[in-house]
Amino acid sequence: MYSSKITGMGFYVPDNVVTNDDLSKMMDTNDEWIQERTGIKERRWIKEGSGDTAAVMGAKAAKIAIERAGLIKDDIDFIVFASLSPDYYFPGGGVQIQDLLEMPTVGALDVRNQCTGFVYSMSVADQFIKTGMYKNVLVIGAEFHSKGLDKTTRGRTVAVLFGDGAGAVVLSRNEEAGKGVLSTHLHSQGKFAKELSVLTPSIQKWVPALMEDPDDLSYYPYMNGQLVFKHAVVRFSEAIEEGLTANNLTKEDIDMFIPHQANLRISQFVQRRFKLSDDQVYNNIMYYGNTTAASIPIALCEAWEKGKIKEGDLVVIAAFGSGFTWGSIVMRW
Ligand SMILES: CC(C)(COP(=O)(O)OP(=O)(O)OC[C@H]1O[C@@H](n2cnc3c(N)ncnc32)[C@H](O)[C@@H]1OP(=O)(O)O)[C@@H](O)C(=O)NCCC(=O)NCCS
(Lines give C-alpha, C1' and ligand atoms only; values in the text may rest on other atoms or scores of the structure.)
Protein backbone atom coordinates (compact mmCIF):
# COMPACT_ATOMS: atom_id res chain seq x y z
CA MET A 1 0.00 0.00 0.00
CA TYR A 2 1.14 3.52 -0.77
CA SER A 3 1.31 6.41 1.67
CA SER A 4 1.12 10.16 1.08
CA LYS A 5 3.35 13.12 1.84
CA ILE A 6 3.23 16.88 1.35
CA THR A 7 5.41 17.88 -1.58
CA GLY A 8 4.42 21.55 -1.93
CA MET A 9 2.73 24.26 0.12
CA GLY A 10 1.56 27.82 -0.45
CA PHE A 11 -0.62 30.44 1.15
CA TYR A 12 -2.19 33.73 0.21
CA VAL A 13 -3.68 36.42 2.43
CA PRO A 14 -5.16 39.75 1.28
CA ASP A 15 -2.91 42.83 1.68
CA ASN A 16 -5.48 44.73 3.71
CA VAL A 17 -4.47 44.63 7.41
CA VAL A 18 -7.27 45.36 9.91
CA THR A 19 -5.97 46.08 13.41
CA ASN A 20 -7.89 45.86 16.66
CA ASP A 21 -7.90 49.65 16.76
CA ASP A 22 -9.52 49.66 13.31
CA LEU A 23 -12.27 47.41 14.71
CA SER A 24 -12.82 49.72 17.66
CA LYS A 25 -13.93 52.37 15.15
CA MET A 26 -16.66 50.03 13.86
CA MET A 27 -17.89 48.54 17.14
CA ASP A 28 -17.54 48.85 20.90
CA THR A 29 -14.36 46.85 21.40
CA ASN A 30 -10.71 47.51 22.19
CA ASP A 31 -7.24 46.15 21.56
CA GLU A 32 -6.75 45.08 25.19
CA TRP A 33 -9.93 42.95 25.32
CA ILE A 34 -9.21 41.26 22.02
CA GLN A 35 -5.54 40.52 22.76
CA GLU A 36 -6.21 39.33 26.29
CA ARG A 37 -9.00 36.90 25.31
CA THR A 38 -7.80 35.74 21.91
CA GLY A 39 -4.18 36.79 21.29
CA ILE A 40 -5.21 38.44 18.01
CA LYS A 41 -3.49 41.75 17.11
CA GLU A 42 -4.65 42.05 13.50
CA ARG A 43 -6.23 40.12 10.66
CA ARG A 44 -6.50 40.42 6.89
CA TRP A 45 -9.86 41.37 5.41
CA ILE A 46 -10.49 41.46 1.66
CA LYS A 47 -10.93 44.98 0.36
CA GLU A 48 -14.11 45.61 -1.64
CA GLY A 49 -13.31 45.53 -5.34
CA SER A 50 -10.04 43.59 -5.02
CA GLY A 51 -11.55 40.60 -6.81
CA ASP A 52 -10.44 38.16 -4.10
CA THR A 53 -12.91 35.49 -2.98
CA ALA A 54 -12.43 32.13 -1.26
CA ALA A 55 -11.95 30.43 -4.64
CA VAL A 56 -9.70 33.15 -6.06
CA MET A 57 -7.46 33.14 -2.96
CA GLY A 58 -7.52 29.34 -2.93
CA ALA A 59 -6.32 29.27 -6.55
CA LYS A 60 -3.50 31.72 -5.72
CA ALA A 61 -2.32 29.55 -2.82
CA ALA A 62 -2.66 26.40 -4.92
CA LYS A 63 -0.53 27.81 -7.71
CA ILE A 64 2.35 28.36 -5.28
CA ALA A 65 1.93 24.86 -3.79
CA ILE A 66 1.97 23.19 -7.22
CA GLU A 67 5.07 25.12 -8.25
CA ARG A 68 6.90 24.28 -5.02
CA ALA A 69 6.02 20.60 -5.51
CA GLY A 70 7.94 20.82 -8.78
CA LEU A 71 4.76 19.96 -10.66
CA ILE A 72 2.51 21.59 -13.24
CA LYS A 73 -1.28 21.84 -13.06
CA ASP A 74 -1.66 18.90 -15.45
CA ASP A 75 0.04 16.62 -12.88
CA ILE A 76 -2.76 17.14 -10.35
CA ASP A 77 -5.24 14.24 -10.29
CA PHE A 78 -7.87 15.58 -7.90
CA ILE A 79 -8.92 18.67 -5.92
CA VAL A 80 -10.26 18.79 -2.37
CA PHE A 81 -11.52 22.22 -1.37
CA ALA A 82 -12.59 23.16 2.16
CA SER A 83 -14.48 26.37 2.92
CA LEU A 84 -17.43 27.61 4.96
CA SER A 85 -17.53 30.81 2.93
CA PRO A 86 -17.71 29.67 -0.72
CA ASP A 87 -18.56 32.07 -3.52
CA TYR A 88 -21.83 30.30 -4.34
CA TYR A 89 -24.52 28.40 -2.44
CA PHE A 90 -23.80 25.78 -5.09
CA PRO A 91 -21.67 24.61 -6.81
CA GLY A 92 -18.86 24.47 -4.28
CA GLY A 93 -15.53 26.19 -4.82
CA GLY A 94 -13.58 23.11 -5.92
CA VAL A 95 -14.79 23.41 -9.50
CA GLN A 96 -13.81 27.09 -9.53
CA ILE A 97 -10.26 26.09 -8.61
CA GLN A 98 -10.26 23.65 -11.55
CA ASP A 99 -11.35 26.49 -13.83
CA LEU A 100 -9.20 29.28 -12.37
CA LEU A 101 -6.06 27.17 -12.68
CA GLU A 102 -7.13 25.99 -16.15
CA MET A 103 -6.64 22.40 -15.04
CA PRO A 104 -7.68 19.29 -16.94
CA THR A 105 -11.20 18.08 -16.06
CA VAL A 106 -10.11 16.33 -12.84
CA GLY A 107 -12.58 15.69 -10.04
CA ALA A 108 -13.20 18.38 -7.43
CA LEU A 109 -14.65 17.59 -4.02
CA ASP A 110 -15.96 20.16 -1.54
CA VAL A 111 -15.55 19.59 2.17
CA ARG A 112 -17.79 21.38 4.68
CA ASN A 113 -16.21 20.81 8.04
CA GLN A 114 -15.42 24.40 8.98
CA CYS A 115 -12.38 24.73 11.27
CA THR A 116 -11.68 21.01 10.88
CA GLY A 117 -12.11 21.29 7.11
CA PHE A 118 -8.44 21.02 6.27
CA VAL A 119 -7.90 17.98 8.50
CA TYR A 120 -10.88 16.22 6.91
CA SER A 121 -9.66 17.21 3.43
CA MET A 122 -6.17 15.85 4.08
CA SER A 123 -7.64 12.60 5.35
CA VAL A 124 -9.76 12.23 2.20
CA ALA A 125 -6.77 12.98 -0.04
CA ASP A 126 -4.62 10.54 1.96
CA GLN A 127 -7.14 7.72 1.37
CA PHE A 128 -7.21 8.36 -2.41
CA ILE A 129 -3.43 8.16 -2.50
CA LYS A 130 -3.22 5.09 -0.23
CA THR A 131 -5.54 3.12 -2.51
CA GLY A 132 -3.38 4.01 -5.50
CA MET A 133 -6.22 5.83 -7.25
CA TYR A 134 -4.43 9.20 -7.37
CA LYS A 135 -0.81 10.31 -7.29
CA ASN A 136 -1.06 14.07 -6.64
CA VAL A 137 -4.00 15.67 -4.85
CA LEU A 138 -4.42 19.40 -4.34
CA VAL A 139 -5.82 20.14 -0.88
CA ILE A 140 -7.02 23.70 -0.24
CA GLY A 141 -8.58 25.59 2.65
CA ALA A 142 -9.87 29.10 1.93
CA GLU A 143 -12.15 31.58 3.67
CA PHE A 144 -13.72 34.93 2.88
CA HIS A 145 -15.20 35.64 6.31
CA SER A 146 -15.15 39.41 6.46
CA LYS A 147 -18.16 40.08 4.24
CA GLY A 148 -20.42 37.79 6.27
CA LEU A 149 -19.66 39.15 9.74
CA ASP A 150 -21.86 41.44 11.82
CA LYS A 151 -19.40 44.31 12.22
CA THR A 152 -21.51 46.19 14.76
CA THR A 153 -21.28 45.94 18.56
CA ARG A 154 -24.02 43.30 18.35
CA GLY A 155 -21.64 40.92 16.54
CA ARG A 156 -18.40 41.84 18.29
CA THR A 157 -17.80 38.53 20.08
CA VAL A 158 -17.56 36.77 16.71
CA ALA A 159 -16.44 39.53 14.32
CA VAL A 160 -13.13 40.23 16.05
CA LEU A 161 -12.01 36.60 15.73
CA PHE A 162 -12.12 35.91 12.02
CA GLY A 163 -9.80 36.69 9.13
CA ASP A 164 -9.64 36.00 5.38
CA GLY A 165 -7.03 33.87 3.63
CA ALA A 166 -6.15 30.63 1.89
CA GLY A 167 -3.62 27.84 2.21
CA ALA A 168 -2.91 24.87 -0.03
CA VAL A 169 -0.79 21.74 -0.16
CA VAL A 170 -0.03 19.13 -2.77
CA LEU A 171 -0.29 15.69 -1.24
CA SER A 172 1.63 13.16 -3.32
CA ARG A 173 2.33 9.45 -3.44
CA ASN A 174 5.20 8.63 -1.09
CA GLU A 175 7.63 5.80 -1.67
CA GLU A 176 9.80 6.26 1.46
CA ALA A 177 8.92 3.99 4.41
CA GLY A 178 7.99 5.77 7.64
CA LYS A 179 7.63 9.19 5.97
CA GLY A 180 4.63 11.36 5.20
CA VAL A 181 1.14 11.05 6.68
CA LEU A 182 1.24 8.35 9.35
CA SER A 183 -2.42 8.58 10.34
CA THR A 184 -5.48 10.82 10.40
CA HIS A 185 -8.30 10.83 12.96
CA LEU A 186 -11.75 12.36 12.45
CA HIS A 187 -14.68 12.99 14.82
CA SER A 188 -18.00 14.78 15.05
CA GLN A 189 -20.76 15.47 17.58
CA GLY A 190 -23.76 16.96 15.82
CA LYS A 191 -25.77 17.65 18.96
CA PHE A 192 -23.72 20.84 19.17
CA ALA A 193 -24.35 21.83 15.54
CA LYS A 194 -26.13 25.08 16.40
CA GLU A 195 -23.56 26.24 18.97
CA LEU A 196 -21.26 27.55 16.25
CA SER A 197 -23.24 28.08 13.09
CA VAL A 198 -24.76 30.21 10.37
CA LEU A 199 -28.33 28.90 10.14
CA THR A 200 -29.71 30.85 7.18
CA PRO A 201 -30.35 31.26 4.33
CA SER A 202 -31.11 27.57 4.14
CA ILE A 203 -33.75 25.37 2.60
CA GLN A 204 -35.51 25.56 6.00
CA LYS A 205 -35.65 29.34 5.73
CA TRP A 206 -35.06 30.64 2.25
CA VAL A 207 -34.37 34.29 1.39
CA PRO A 208 -37.99 35.56 1.03
CA ALA A 209 -38.90 34.20 4.49
CA LEU A 210 -35.75 35.71 5.94
CA MET A 211 -36.54 39.12 4.49
CA GLU A 212 -40.01 39.15 6.07
CA ASP A 213 -38.49 39.67 9.51
CA PRO A 214 -35.89 42.46 9.70
CA ASP A 215 -34.95 41.36 13.23
CA ASP A 216 -33.97 37.88 12.07
CA LEU A 217 -30.18 37.99 11.93
CA SER A 218 -29.64 34.25 11.64
CA TYR A 219 -27.53 34.79 8.50
CA TYR A 220 -24.74 36.04 10.78
CA PRO A 221 -22.49 33.55 12.56
CA TYR A 222 -23.61 32.56 16.05
CA MET A 223 -21.14 31.20 18.56
CA ASN A 224 -21.58 29.99 22.13
CA GLY A 225 -18.01 31.08 22.88
CA GLN A 226 -17.55 29.57 26.33
CA LEU A 227 -19.03 26.20 25.36
CA VAL A 228 -16.82 26.13 22.25
CA PHE A 229 -13.76 26.96 24.36
CA LYS A 230 -14.50 24.20 26.91
CA HIS A 231 -15.02 21.54 24.24
CA ALA A 232 -12.07 22.73 22.15
CA VAL A 233 -9.45 22.22 24.85
CA VAL A 234 -10.73 18.70 25.59
CA ARG A 235 -11.11 17.62 21.96
CA PHE A 236 -7.78 19.10 20.82
CA SER A 237 -6.05 17.08 23.54
CA GLU A 238 -7.97 13.88 22.77
CA ALA A 239 -7.21 14.18 19.06
CA ILE A 240 -3.49 14.58 19.72
CA GLU A 241 -3.43 11.65 22.17
CA GLU A 242 -5.31 9.50 19.66
CA GLY A 243 -2.81 10.29 16.90
CA LEU A 244 0.18 9.59 19.12
CA THR A 245 -1.24 6.34 20.50
CA ALA A 246 -2.11 5.06 17.01
CA ASN A 247 1.56 5.39 16.04
CA ASN A 248 3.09 4.18 19.32
CA LEU A 249 4.48 7.66 19.95
CA THR A 250 4.48 9.89 23.01
CA LYS A 251 4.28 13.65 23.45
CA GLU A 252 8.10 13.70 23.77
CA ASP A 253 8.28 12.64 20.11
CA ILE A 254 6.51 15.79 18.85
CA ASP A 255 8.86 18.16 16.99
CA MET A 256 6.21 20.56 15.77
CA PHE A 257 2.58 20.97 16.77
CA ILE A 258 0.40 23.02 14.41
CA PRO A 259 -2.94 23.73 16.06
CA HIS A 260 -5.90 25.16 14.16
CA GLN A 261 -5.66 28.85 14.98
CA ALA A 262 -8.94 29.24 16.90
CA ASN A 263 -7.71 31.27 19.83
CA LEU A 264 -4.20 31.70 21.24
CA ARG A 265 -5.51 30.81 24.71
CA ILE A 266 -6.73 27.43 23.43
CA SER A 267 -3.35 26.72 21.77
CA GLN A 268 -1.49 27.74 24.94
CA PHE A 269 -3.70 25.52 27.09
CA VAL A 270 -2.93 22.52 24.84
CA GLN A 271 0.78 23.46 24.76
CA ARG A 272 0.91 23.42 28.58
CA ARG A 273 -1.01 20.15 28.79
CA PHE A 274 1.50 18.43 26.50
CA LYS A 275 4.48 20.27 28.06
CA LEU A 276 5.63 21.58 24.68
CA SER A 277 8.15 24.41 24.42
CA ASP A 278 7.46 27.54 22.36
CA ASP A 279 9.72 26.10 19.64
CA GLN A 280 7.50 23.02 19.35
CA VAL A 281 4.28 24.93 18.61
CA TYR A 282 3.56 27.31 15.76
CA ASN A 283 0.97 30.05 16.19
CA ASN A 284 0.20 32.96 13.87
CA ILE A 285 -3.33 33.86 14.94
CA MET A 286 -1.85 37.15 16.21
CA TYR A 287 -1.50 38.32 12.59
CA TYR A 288 -4.27 36.54 10.71
CA GLY A 289 -7.07 35.85 13.21
CA ASN A 290 -9.01 32.62 12.80
CA THR A 291 -9.07 31.75 9.10
CA THR A 292 -11.00 28.51 9.71
CA ALA A 293 -10.26 25.93 6.96
CA ALA A 294 -7.26 28.00 5.85
CA SER A 295 -5.63 28.36 9.25
CA ILE A 296 -3.70 25.08 9.35
CA PRO A 297 -2.25 25.21 5.82
CA ILE A 298 -1.30 28.87 6.34
CA ALA A 299 0.42 28.08 9.66
CA LEU A 300 2.07 24.92 8.31
CA CYS A 301 3.41 26.73 5.26
CA GLU A 302 4.62 29.73 7.26
CA ALA A 303 6.36 27.50 9.83
CA TRP A 304 8.06 25.61 7.00
CA GLU A 305 9.08 28.85 5.23
CA LYS A 306 10.69 30.01 8.49
CA GLY A 307 12.73 26.79 8.68
CA LYS A 308 10.85 25.52 11.73
CA ILE A 309 10.00 22.16 10.13
CA LYS A 310 12.89 19.97 9.09
CA GLU A 311 13.34 16.65 7.32
CA GLY A 312 12.48 13.79 9.69
CA ASP A 313 10.44 15.95 12.11
CA LEU A 314 7.30 14.56 13.68
CA VAL A 315 4.56 17.07 12.88
CA VAL A 316 1.22 16.84 14.67
CA ILE A 317 -1.80 18.81 13.48
CA ALA A 318 -5.07 19.13 15.39
CA ALA A 319 -8.29 21.03 14.83
CA PHE A 320 -11.65 21.62 16.46
CA GLY A 321 -14.62 23.59 15.25
CA SER A 322 -18.22 23.94 14.19
CA GLY A 323 -20.19 20.73 13.98
CA PHE A 324 -18.74 20.12 16.47
CA THR A 325 -15.99 18.39 14.51
CA TRP A 326 -12.42 17.65 15.45
CA GLY A 327 -9.48 15.63 14.27
CA SER A 328 -5.74 15.21 13.96
CA ILE A 329 -2.99 14.30 11.54
CA VAL A 330 0.37 12.77 12.44
CA MET A 331 3.12 13.19 9.84
CA ARG A 332 6.79 12.37 9.57
CA TRP A 333 8.32 15.15 7.46
C1 LIG B 1 -15.08 34.41 22.09
C2 LIG B 1 -14.35 34.47 23.41
C3 LIG B 1 -12.99 35.12 23.20
C4 LIG B 1 -15.16 35.33 24.37
O5 LIG B 1 -14.50 35.37 25.61
P6 LIG B 1 -15.35 35.17 26.95
O7 LIG B 1 -14.41 35.30 28.07
O8 LIG B 1 -16.08 33.88 26.80
O9 LIG B 1 -16.28 36.41 26.89
P10 LIG B 1 -17.86 36.53 27.06
O11 LIG B 1 -18.54 36.17 25.78
O12 LIG B 1 -18.28 35.82 28.30
O13 LIG B 1 -17.98 38.06 27.28
C14 LIG B 1 -17.37 38.71 28.38
C15 LIG B 1 -17.70 40.19 28.29
O16 LIG B 1 -16.98 40.78 27.18
C17 LIG B 1 -17.89 41.42 26.31
N18 LIG B 1 -17.41 41.29 24.94
C19 LIG B 1 -17.68 40.31 24.04
N20 LIG B 1 -17.01 40.55 22.91
C21 LIG B 1 -16.31 41.67 23.08
C22 LIG B 1 -15.43 42.41 22.27
N23 LIG B 1 -15.12 42.03 21.02
N24 LIG B 1 -14.86 43.53 22.76
C25 LIG B 1 -15.13 43.95 24.02
N26 LIG B 1 -15.97 43.28 24.84
C27 LIG B 1 -16.55 42.16 24.38
C28 LIG B 1 -19.20 40.71 26.53
O29 LIG B 1 -20.30 41.52 26.13
C30 LIG B 1 -19.17 40.46 28.01
O31 LIG B 1 -19.50 41.64 28.68
P32 LIG B 1 -20.37 41.60 30.05
O33 LIG B 1 -19.52 40.84 31.02
O34 LIG B 1 -20.54 43.03 30.37
O35 LIG B 1 -21.63 40.89 29.69
C36 LIG B 1 -14.15 33.07 24.03
O37 LIG B 1 -15.38 32.56 24.49
C38 LIG B 1 -13.56 32.11 23.06
O39 LIG B 1 -12.44 32.26 22.64
N40 LIG B 1 -14.27 31.03 22.74
C41 LIG B 1 -13.79 30.07 21.75
C42 LIG B 1 -13.89 30.70 20.41
C43 LIG B 1 -13.32 29.87 19.34
O44 LIG B 1 -12.26 29.33 19.48
N45 LIG B 1 -14.03 29.82 18.23
C46 LIG B 1 -13.60 29.17 17.08
C47 LIG B 1 -13.66 27.70 17.26
S48 LIG B 1 -13.05 26.97 15.85
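**Q** Run through the sheet that holds strand S1 (residues 3-12), naming residues and quoting values.
**A** Within the open sheet, the five strands sit side by side as S1-S7-S6-S4-S5. Their pairing is mixed. The open sheet terminates on both sides in strands that have one partner only, identified here as S1 and strand S5 (107-111). Going across the sheet, the axis of each strand differs from the next one's by a mean of 20 degrees, ignoring polarity. As paired strands, strand S4 (residues 78-82) and strand S6 (residues 136-143) are joined by five bridges and run parallel to one another. Across the sheet, the residue bridging to Phe78 is Val137, located in S6. On top of the sheet, helix H5 (residues 117-130) reaches S1, S4, S5, S6 and strand S7 (165-174); it is set at about 170 degrees to S6, its chief contact.

**Q** I'd like a rundown of the domain arrangement of the protein chain, residues and numbers included.
**A** By domain assignment, the protein chain separates into domain 1 (3-174) and domain 2 (180-332). One C-alpha centre belongs to domain 1, the other to domain 2, and the line joining them spans 14 Å. Taken together, the contact between domain 1 and domain 2 spans 48 residues of the former and 42 residues of the latter. Counting residues per element, the ones that place at least two in the side of domain 1 that touches domain 2 are S1, helix H2 (31-38), strand S3 (42-44), H5, S6, helix H6 (156-159) and S7. When residues in the side of domain 1 that touches domain 2 are grouped by element, the largest group, seven residues, is from H5. Tallied by class, the residues present in the side of domain 1 that touches domain 2 amount to 19 nonpolar, 19 polar and 10 charged.

**Q** If you had to explain the environment of Ser322 to someone new, which residues and values would you point to?
**A** By the secondary structure assignment, Ser322 is in the loop between strand S12 (314-321) and strand S13 (325-332). Ser322 sits in the buried class, given 23 other C-beta atoms within 10 Å. Separated by 134 residues in sequence, Ser322 and Ser188 have C-alpha atoms that sit 9.2 Å apart. Those residues in contact with Ser322 that sit more than four places away from it in its chain are Gln114, Cys115, Leu196 and Ser197.

Cut-off values and rules
Residues numbered from 1 in each chain as written. Predicted model: local features only at pLDDT ≥ 70, side-chain atom pairs only at ≥ 80, totals over all residues. Pairing = 2+ DSSP bridges. Helix = DSSP H or I, 4+ residues; strand = E, 2+ residues; numbered from the N terminus. Axes fitted to C-alpha atoms, helices over the stretch in contact; angles between N-to-C directions. Contact = placed C-beta atoms within 7 Å. Domains from an automatic or database assignment. Nonpolar A, V, L, I, M, F, W, Y, C, P; charged D, E, K, R; others polar. Buried ≥ 20, exposed ≤ 12 C-beta atoms within 10 Å, placed from the backbone.

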